[in-house]
There are 2 protein chains.
Amino acid sequence: MHNGLKAFLEFKAYRMRYWSIVAPSEAGSGHTTSCLSAADIMSILFFYAMQYDPQHYDNPDNDRFILSKGHASPLLYSAWREVGMLSDKDMMTYRKMGSVLEGHPTLRFPYAEAATGALGLGLSIGVGEALCARSDRRNYYTYVLMGDSETTEGAVWEAVQLGAHYKLDNLIAIIDVNRLGQSTPTLFEDNVQRYVEVFDAFNWHALLVDGHNIEQLMKVFDKAREITKKPVVIIAKTFKGRGVNMLEDKEGYHGKAIAKDKLDEALKQLANNFPQAAAYNRTYSWTPKLPEKSPTAITVERSFAKMADPLYQRDSLVPTRKAYGQALAALGSTCDAVISLDAEVKNSTYAEIFEEKHPNRFFQCFIAEQNMVGMGIGFDRRNRMPFISTFGAFFSRAHDQIRMAAIGQARLNLVGSHAGVSIGQDGPSQMALEDIAMMRAIPESVVLYPSDAVSTYKLVEQMARYEEGIAYLRTTRAATAVIYDNNEDFIIGGCKVLQQSDHDRVCIIAAGITLFEALKAYKLLQQEKIDAAIIDLYSIKPLDETTIKKIVKKANNKVVTVEDHYLEGGLGQAVMYALRNTGVTIACLAVDKLPRSGKPEELLAYEGIDASAIVQKVKEII
Amino acid sequence: MHNGLKAFLEFKAYRMRYWSIVAPSEAGSGHTTSCLSAADIMSILFFYAMQYDPQHYDNPDNDRFILSKGHASPLLYSAWREVGMLSDKDMMTYRKMGSVLEGHPTLRFPYAEAATGALGLGLSIGVGEALCARSDRRNYYTYVLMGDSETTEGAVWEAVQLGAHYKLDNLIAIIDVNRLGQSTPTLFEDNVQRYVEVFDAFNWHALLVDGHNIEQLMKVFDKAREITKKPVVIIAKTFKGRGVNMLEDKEGYHGKAIAKDKLDEALKQLANNFPQAAAYNRTYSWTPKLPEKSPTAITVERSFAKMADPLYQRDSLVPTRKAYGQALAALGSTCDAVISLDAEVKNSTYAEIFEEKHPNRFFQCFIAEQNMVGMGIGFDRRNRMPFISTFGAFFSRAHDQIRMAAIGQARLNLVGSHAGVSIGQDGPSQMALEDIAMMRAIPESVVLYPSDAVSTYKLVEQMARYEEGIAYLRTTRAATAVIYDNNEDFIIGGCKVLQQSDHDRVCIIAAGITLFEALKAYKLLQQEKIDAAIIDLYSIKPLDETTIKKIVKKANNKVVTVEDHYLEGGLGQAVMYALRNTGVTIACLAVDKLPRSGKPEELLAYEGIDASAIVQKVKEII
């Protein structure tokens with residue numbers, strides 16, 4: 001082993017510790033101790049193990065690094081400072097308004113692979129990237145640095161199971177076992193053997209190491225790249241606060257920066273603990289190990305030509321969930337970037353139609369929605385276009401991952417089937433009734449809820465073209481009639497006016513399954529000589545304010561909305577917001593009783609969102 | 001072994017299979033094959049292993065049974081049919097409108113321990129019940145029947161870790177390893193050894209058994225009750241669809257009922273496969289093993305006397321999160337039923353104040369929010385009153401469990417700290433900005449967002465008195481001024497009018513941190529001779545429509561709402577809904593840009609929700 005290299009790595013670890021003390025001290029907050037435990041690991045990663053081009057972060061063959069323990073962000077910034085991509089001045093902007101060096105990494109920082117900070121997220125992103133590497137036939141490794149506290153998060157074990165299932169030997173996780181959580185010792189404390197046993201049992205290759213021994217770390221990181229057929233986890237025994245006596249291995253210092261009046265003392269202790277590194281004479285000339293070009297790599301494009309129109313028969317019955325599967329398969333033929341992730345319900349969501357056509361781009365994620373969404377973030381970062389589908393209700397399981405995906409500016413396409421009480425007999429646990437509320441409150445999100453096969457088909461293409469964030473499509477279990485011509489266009493932020501006249505006394509706004517109830521209500525109202533406008537609000541966010549306002553105004557400023565979703569945060573309240581300050585009279589029909597098992601039509605009636613309820617409400621307000 | 005007993009147990013398994021075929025066939029849907037794999041296990045549970053009084057479900061010493069694989073609900077109903085608590089006619093109402101025998105169990109069924117159907121939930125509930133048994137010094141065992149597919153859910157591994165941590169030897173999980181999921185073979189397929197290894201590694205005691213061998217099952221269930229210091233998992237190798245040749249061990253039959261025209265054939269196959277059971281002569285006289293009374297059991301009461309007023313100093317600075325901790329500690333002294341569950345952030349949420357006072361009723365759940373909420377459901381079912389706290393943002397991790405808790409009519413108190421951008425430098429990953437939207441869309445929920453210590457304190461008591469469902473309290477990181485007298489009353493569904501006059505030109509409605517911005521804005525507006533009413537909307541759901549309408553009407557029908565939360569589904573849209581059709585002019589100030597790290601005041605300004613933004617908006621609309 002090159003002695004100069006070892007001294008250099010110790011020096012770099014020392015420097016990262018320095019920054020991890022100084023930057024938070026300057027900011028007045030930050031997680032210094034969580035950085036100090038992992039500084040040696042980070043030195044090895046950035047200056048020894050990883051093959052990457054620091055000058056070109058986007059080199060597709062670079063090894064990737066994900067800081068799952070996002071609170072240790074100063075360490076990430078320190079690494080890039082020591083690599084030479086940040087200045088001292090940059091470092092001192094940590095946590096300040098306008099700086100890209102935020103408290104927890106976001107995508108604003110150009111060298112962050114992912115936004116992290118909600119714990120137990122990074123490994124799923126890593127599984128996505130490692131699987132993507134294999135799909136793209138690229139040789140890069142994905143490294144994920146995790147804290148020990150976060151291993152109690154179930155999402156971690158979802159990722160562990162998937163990583164083993166796909167035998168991702170290009171995925172290397174490191175657990176910084178510093179024993180101390182935020183407020184108490186961790187679940188396993190310093191029982192490193194327990195981690196080894198659990199990972200081994202899940203069919204990972206676990207390697208144990210003293211996380212502060214540079215020589216041992218070099219060996220174990222070398223070894224990690226030699227393991228085949230299994231993902232690798234490096235269990236690194238460390239001490240929280242390592243190197244600063246006043247903090248080291250002590251409780252009560254999580255998330256604490258060194259006070260300015262103790263900074264000198266802390267830095268002195270650091271230098272005393274690492275005298276050689278502190279006095280390092282910079283003799284070793286480090287150059288990054290640039291990655292080799294993967295010889296048979298595939299590079300996919302996200303752009304694609306306009307898709308051909310579908311071939312649905314007007315008035316035929318097609319579940320929108322099936323149209324989704326058909327559209328996705330067609331999209332996949334048009335665009336190589338498209339992949340499909342399924343949570344073991346492909347025969348319900350109809351993702352199986354995509355799988356049949358594009359088996360190599362379909363990834364079974366089993367019943368583990370959190371990890372599935374996390375994997376999607378990873379695929380997106382490597383330029384794939386993930387369509388992630390499960391029951392709409394079960395996206396609630398991955399709400400935090402979706403929230404973090406938005407913070408990380410990920411472009412995910414989420415497709416939730418089995419919307420609303422109209423699924424019928426399976427009962428409330430399977431009904432998505434809060435998904436619109438959840439998805440609307442995601443920054444930059446799009447929320448779509450088509451009623452028929454044509455609009456679903458067309459909107460899948462629109463989702464793929466949406467590059468600003470998360471697009472959610474809500475599909476229906478039941479077969480519904482095709483009501484649009486195959487050449488009809490649908491856009492994000494659009495709506496369709498299905499009925500209108502010069503004598504409308506009310507405008508009924510619906511989407512998905514309730515649109516058909518609205519159309520039935522229209523006929524019933526016609527029989528009573530009550531004209532009504534009908535709007536298909538297939539795009540709930542953003543929504544077409546202009547058209548809605550125009551039609552409502554013509555319809556005597558009376559509106560009834562009807563949706564198969566709870567009232568709060570749903571379609572009705574979105575419409576109400578759009579119509580604020582216009583003086584309209586509005587009534588919102590929505591699911592307002594805890595649903596039960598029954599036939600779809602019985603449940604629509606039970607919840608007061610069927611044609612008869614619409615008619616009654618219309619008569620009340622006109 | 002009593003031969004008559006064995007034949008009897010085989011007969012009961014046969015009967016349960018019969019019902020699991022017949023009831024779904026009658027309903028036209030249902031998960032017959034998932035029942036057939038577990039029928040022998042269920043026979044052992046209900047007629048051999050469990051000590052319970054079928055006539056008195058609420059006997060607190062009964063062993064408890066949780067059907068985590070909720071889609072196998074016909075099996076649960078069959079068990080209670082065979083125990084004698086349901087009639088044949090009841091069984092034929094399965095999945096029909098109005099029946100309590102729903103597609104997946106809900107609490108409407110009087111013998112369901114929990115609503116299940118979102119997979120990977122039952123074990124967490126079981127951990128809660130088992131831990132509660134220990135707290136209550138009761139000797140009952142908690143049995144949880146899981147499917148093999150659901151073991152990929154991370155929540156399961158959260159529960160596994162916690163169960164081992166608390167050495168819950170009164171918790172017995174059974175995994176029905178029938179190899180087939182909904183659409184594909186499961187992750188581990190029939191590799192039962194893998195389950196054994198993983199559970200062993202997590203420090204459970206794993207027992208392997210042929211899940212169709214009654215004799216072996218009897219032995220293994222006997223053994224399970226003898227294990228000490230560890231929770232037990234019984235890994236039962238089974239076949240999906242066991243007993244009906246047309247289904248057995250075949251893909252494509254998940255969630256399928258036997259068509260009516262094939263029912264005779266299916267029942268014939270069943271009888272052929274279990275000839276002895278089919279011809280059983282009913283010689284064995286079964287009596288339930290009634291539970292023994294736990295000699296030193298504690299019985300807690302949920303009711304409690306009115307709490308004494310707090311002793312906060314007017315104008316002193318107290319973070320509402322701290323007031324929550326103080327109130328909870330005081331509540332704990334008043335009411336023995338109160339327990340506290342923490343996700344390893346007790347020093348941030350101030351649950352540590354409760355822990356200090358009531359260490360035996362504080363349960364550390366580590367960073368595993370899904371399991372924590374699931375445990376809360378279990379504690380509630382055993383009559384404890386759980387207060388569950390973590391960062392508000394991280395309740396999104398447990399959204400599905402909260403959704404299911406509501407379906408199961410659980411009375412949970414959730415307390416989310418670190419609301420909004422006002423937390424400052426930690427950045428967006430730590431900010432709760434969608435929690436109001438999420439919690440409002442939970443049926444029967446209450447959403448509270450107090451601004452000062454007194455109101456927080458008082459509302460904690462109100463939450464404890466709320467028996468209809470889930471109560472959510474949102475707390476603030478920063479210390480805010482005490483603005484109420486200690487004897488002020490606060491009620492669910494109330495609000496406080498802090499300023500009003502006869503010349504108000506606008507009503508400003510705020511809660512939590514933004515209330516202080518509203519009060520600053522009030523002063524600034526006063527300087528410009530603009531009178532404004534100010535409402536503290538501490539109860540966002542339900543909200544005090546009457547007062548709001550009255551004050552707004554007096555304030556020239558102009559409203560500005562301001563909240564530290566995203567617009568969608570937040571306070572503003574709740575107010576807007578309450579004020580529908582009243583012709584008011586309303587403007588909603590909310591977080592509308594992806595936040596970043598910065599100082600609280602900088603971020604409030606950045607998002608346009610500070611006093612100056614309020615003043616500007618007021619001037620725009622008056």
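As a reminder, the structure under discussion sits directly above these lines.
Now for a quick tour of the structure. (Residues numbered from 1 in each chain as written. Chains lettered and ligands numbered in written order. Predicted model: local features only at pLDDT ≥ 70, side-chain atom pairs only at ≥ 80, totals over all residues. Heavy atoms only, no water.)

Before going further, it helps to examine the environment of M218 of chain B. Residue and element names in this part refer to chain B. Assignment of secondary structure puts M218 in helix 9 (residues 214-224). Its relative accessible area of 1% is what places M218 among the buried residues. With 209 residues separating them in the primary sequence, M218 and L9 have C-alpha atoms 9.6 Å apart. (Helix = DSSP H or I, 4+ residues; strand = E, 2+ residues; numbered from the N terminus. Buried < 20%, exposed > 50% of the residue type's maximum accessible area, 1.4 Å probe, protein only.)

Here we come to the interface of chain B and chain A. Contact residues are listed per partner, giving 100 residues for chain B and 100 residues for chain A. There are eight salt bridges connecting chain B and chain A. For R397 of chain A, the salt bridge is made with D400 of chain B, and the minimal N-O distance between the two is 2.9 Å. Counting the contacts that link chain B with chain A gives 56 residue pairs in polar contact (both at pLDDT 80 or more). Looking at the side of chain B that touches chain A element by element, the count peaks at seven residues for helix 16 (residues 399-407) of chain B. Broken down by class, the residue content of the side of chain B that touches chain A amounts to 39 nonpolar, 38 polar and 23 charged. (Contact = heavy atoms within 4.5 Å. Salt bridge = Lys/Arg side-chain N within 4 Å of Asp/Glu carboxyl O. Polar contact = N/O pair within 3.5 Å; in protein donor to acceptor, adjacent residues only side chain to side chain. Nonpolar A, V, L, I, M, F, W, Y, C, P; charged D, E, K, R; others polar.)

Now for helix 3 (residues 39-49) of chain B. Every α-helical turn comprises 3.6 residues, leaving residues that sit three or four positions apart pointing alike. The element helix 3 of chain B is largely enclosed, with a buried count of eleven among its eleven residues. Every buried residue of helix 3 of chain B is listed here: A39, D40, I41, M42, S43, I44, L45, F46, F47, Y48 and A49 of chain B.

Take the sheet that holds strand 12 (residues 471-474) of chain B next. Residues and elements named next belong to chain B. The seven strands lie next to each other as 8-7-9-10-12-11-17, forming an open sheet whose pairing is mixed. This sheet does not close on itself; its edge strands, each paired only once, are strand 8 (362-364) and strand 17 (539-541). Neighbour-to-neighbour, the strand axes of the sheet open up by a mean angle of 20°, direction not taken into account. In terms of strand pairing, strand 9 (residues 385-391) meets strand 10 (residues 413-417) through five bridges, oriented parallel. Directly across from I388, in strand 10, lies its bridge partner L414. Against the sheet, helix 18 (residues 453-465) contacts strand 9, strand 10, strand 11 (446-448) and strand 12, and its axis sits at roughly 165° relative to strand 12. (Pairing = 2+ DSSP bridges. Axes fitted to C-alpha atoms, helices over the stretch in contact; angles between N-to-C directions.)

This brings us to helix 18 of chain B. Taking 1.5 Å per residue, 13 residues should reach 18 Å; helix 18 of chain B reaches 19 Å between its end C-alpha atoms and fits that length. By the burial criterion, the buried members of helix 18 of chain B are A453, V454, S455, T456, Y457, K458, L459, V460, E461, M463 and A464 of chain B. (Expected span 1.5 Å × (residues − 1).)

So, on to the pairing of strand 15 (residues 506-510) of chain B. Residues and elements named next belong to chain B. With five of five residues buried, strand 15 lies mostly within the body of the structure. As defined by bridge partners, strand 15 adjoins strand 16 (residues 532-536) across five bridges and the pair is classed as parallel. When the sheet's bridge partners are listed, C507 is paired in strand 16 with A533. Taken together, the four bridges between strand 15 and strand 18 (residues 558-566) define a ladder with parallel strand orientation. From the neighbouring strand, I509 faces strand 18, where its bridge partner is T561.

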